[in-house]
Amino acid sequence: MSEDPLVGKFAPFRSTIFAEMTALAHRTGAINLGQGFPDSDGPPELLSAAAEAVLSGHNQYPPLPGVPALRTAIAEQRAADYGTPYDPDTEILVTAGATEAIAAAVAALVPAGDEVLVFEPYYDSYGAAIALAGAVRRTVRLHPVGDRFTFDPGELAAAVTPRTRAFLVNTPHNPTGTVLSAAELAVIAEICERHDLIAITDEVYEHLVFDGVRHIPLASLPGMASRTLTISSAGKTFNATGWKVGWVCGPAPMVAAVRTVKQYLTFAGGTPFQHAVAAVLPDRHRWLDGLRTRLTAARDTLRDALTSTGWRCFACQGTYFLQVDARSVGYGDGTALCHDLATRAGVVAIPSGAFYADPASGRELVRFAFCKSPAVIATAAGRLAGFAAGAHREGAA
């Protein structure tokens, strides 16, 4: 056996940027604004429901499709929020988080050698999921237009080839913070219909949108319900990222295909957590209204401190993330900036080049997560402002 048994197609995915930068935060004692997890728990009723489920004996395997009460709650949520009806028995599948749902969907629906279209930058697990399926990744760049990232419809149309099978769409978008508009989604829908593409949508930040922006599921557009798998989860919605309770909604044959793959990945799990999410999902807005308010305040505190000291920040319409241009503080390389921030400012961020097929394509970008407590955000904002002021002085010297 060779010294390195990792097969070639997975060699580029040996470690994630999140593990690397979180380890850097631990080594330096820096505030971790890299990995996107909240530093506070979700609603008390969610935690109580989980404890009650554990103590009530819900600790064995759930049904493969998921706990019936949760599938019913998901169907009711999608119908109430977006007018997209799903049969909880045949058109909804509960998964071990959205990451498993995406991997299982690509493996189930995209033949080896066929292409999956993704917007770039993209969440790093997408590339791994596509490689695991033996499929080919094709990218369409999101460009900053003004302070918001968007795509060029002509570039999108040109990216489709006869081998393109699926379009993996993320909105609200990580890492750029863009929430795709109705007009942008209409362009995507037209491309999918014209080329008979499957759409796989990652909507885990569906409820975390700001400033009156509205999240629109691609499946809600005319003609798209029959070709779209919609993926979301409880992790971001309820500050419970460690629970790994996600779900897939879509046409019964497509969901059945994903279920076939999923049963040989995790089969099923998280039984008490599924019961807890089922208990609170119907009353989600009581929690979400306050969560959006807190996240908006955190975003504004961080953004205002940065822009007032010379950082260039891009628009954040949704998600946990604020994208910045490293060049605005004198760095052409976001990775170098992130390492200096950890050691000189005591703040860890993520170099956004990690979200590109060629990291050099996004080397000037850095992502900060603002899903932290007001005190943590205020401290980090002060440190980053001080770092920028020092960087500008050095540049002027």
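The rules behind the values
- Residues numbered from 1 in each chain as written.
- Predicted model: local features only at pLDDT ≥ 70, side-chain atom pairs only at ≥ 80, totals over all residues.
- Heavy atoms only, no water.
- Phe/Tyr/Trp six-rings, centres within 6.5 Å; stacked < 30°, edge-to-face > 60°.
- Helix = DSSP H or I, 4+ residues; strand = E, 2+ residues; numbered from the N terminus.
- Buried < 20%, exposed > 50% of the residue type's maximum accessible area, 1.4 Å probe, protein only.
- Lys NZ or Arg CZ within 6 Å of the ring centre and 35° of its normal.
- Axes fitted to C-alpha atoms, helices over the stretch in contact; angles between N-to-C directions.
- Left-handed = near helix turned anticlockwise from the far one by under 90°.
- Contact = heavy atoms within 4.5 Å.
- Nonpolar A, V, L, I, M, F, W, Y, C, P; charged D, E, K, R; others polar.
- Pairing = 2+ DSSP bridges.
- Right-handed = clockwise from strand over helix to strand, strands pointing away.

(A) Fine view of the packing of aromatic side chains. Going through the model one piece at a time under the given rule, you end up with 14 aromatic pairs. The interplanar angle of 45° and the centroid separation of 6.0 Å between the aromatic rings of Phe-18 and Phe-355 together place this pair among those described as tilted. Here Phe-18 is found in helix 1 (residues 17-28), whereas its partner Phe-355 is found in the loop between strand 14 (350-351) and strand 15 (365-369), with 337 residues between them in sequence. Take Phe-18 and Phe-355: they sit in the same class, and that class is buried. Ring pairing ties together the aromatic residues Phe-18, Tyr-123, Tyr-126 and Phe-355, which thus form one cluster. Here the guanidinium or amino end of Arg-294 rests over the ring plane of Trp-287, the centre of that ring lying 5.0 Å away. Positioned over the ring face of Phe-321 is Arg-367, at 3.6 Å from the centre of the ring.

(B) Expanded view of the packing of helix 4 (residues 97-109) against helix 5 (residues 125-132). One way to put it is that helix 4 packs onto helix 5 with a least axis distance of 8 Å and a crossing angle of 35°. The handedness of the crossing between helix 4 and helix 5 comes out as right-handed. Contact residues: helix 4 offers Thr-99, Ile-102, Ala-103 and Val-106, while helix 5 offers Ser-125, Tyr-126, Ala-129 and Ile-130. Of the residues contributing to the contact of helix 4 with helix 5, the split by class is 6 nonpolar, 2 polar and no charged.

(C) Spotlight on the pairing of strand 3 (residues 115-120). Counting buried residues along strand 3, 6 of its 6 residues qualify, which places the element largely inside the surrounding structure. Of the two faces of strand 3, the one holding Glu-115, Leu-117 and Phe-119 and the one holding Val-116, Val-118 and Glu-120 are both buried throughout. Pairing between strand 3 and strand 4 (residues 136-141): 6 bridges, direction parallel. The partner of Leu-117 across the bridge, within strand 4, is Arg-138. Where the polypeptide runs from strand 3 across helix 5 and back to strand 4, its parallel neighbour, the crossover connection is right-handed.

(D) Region of the structure containing the pairing of strand 12 (residues 321-325). When you tally the buried positions in strand 12, you get 5 out of 5 residues, the bulk of the element. The side-chain alternation of strand 12 yields two buried faces, one formed by Phe-321, Gln-323 and Asp-325 and the other by Leu-322 and Val-324. Sheet topology note: the strand 11 (residues 312-313)/strand 12 ladder contains 2 bridges and is antiparallel. Within strand 12, the residue paired with Arg-312 across the bridge is Asp-325. As judged from the 5 bridges shared by strand 12 and strand 15, these two strands associate in the antiparallel manner. Bridged to Leu-322 within strand 15 is Phe-368.

Read these as spatial facts, not as claims about activity.
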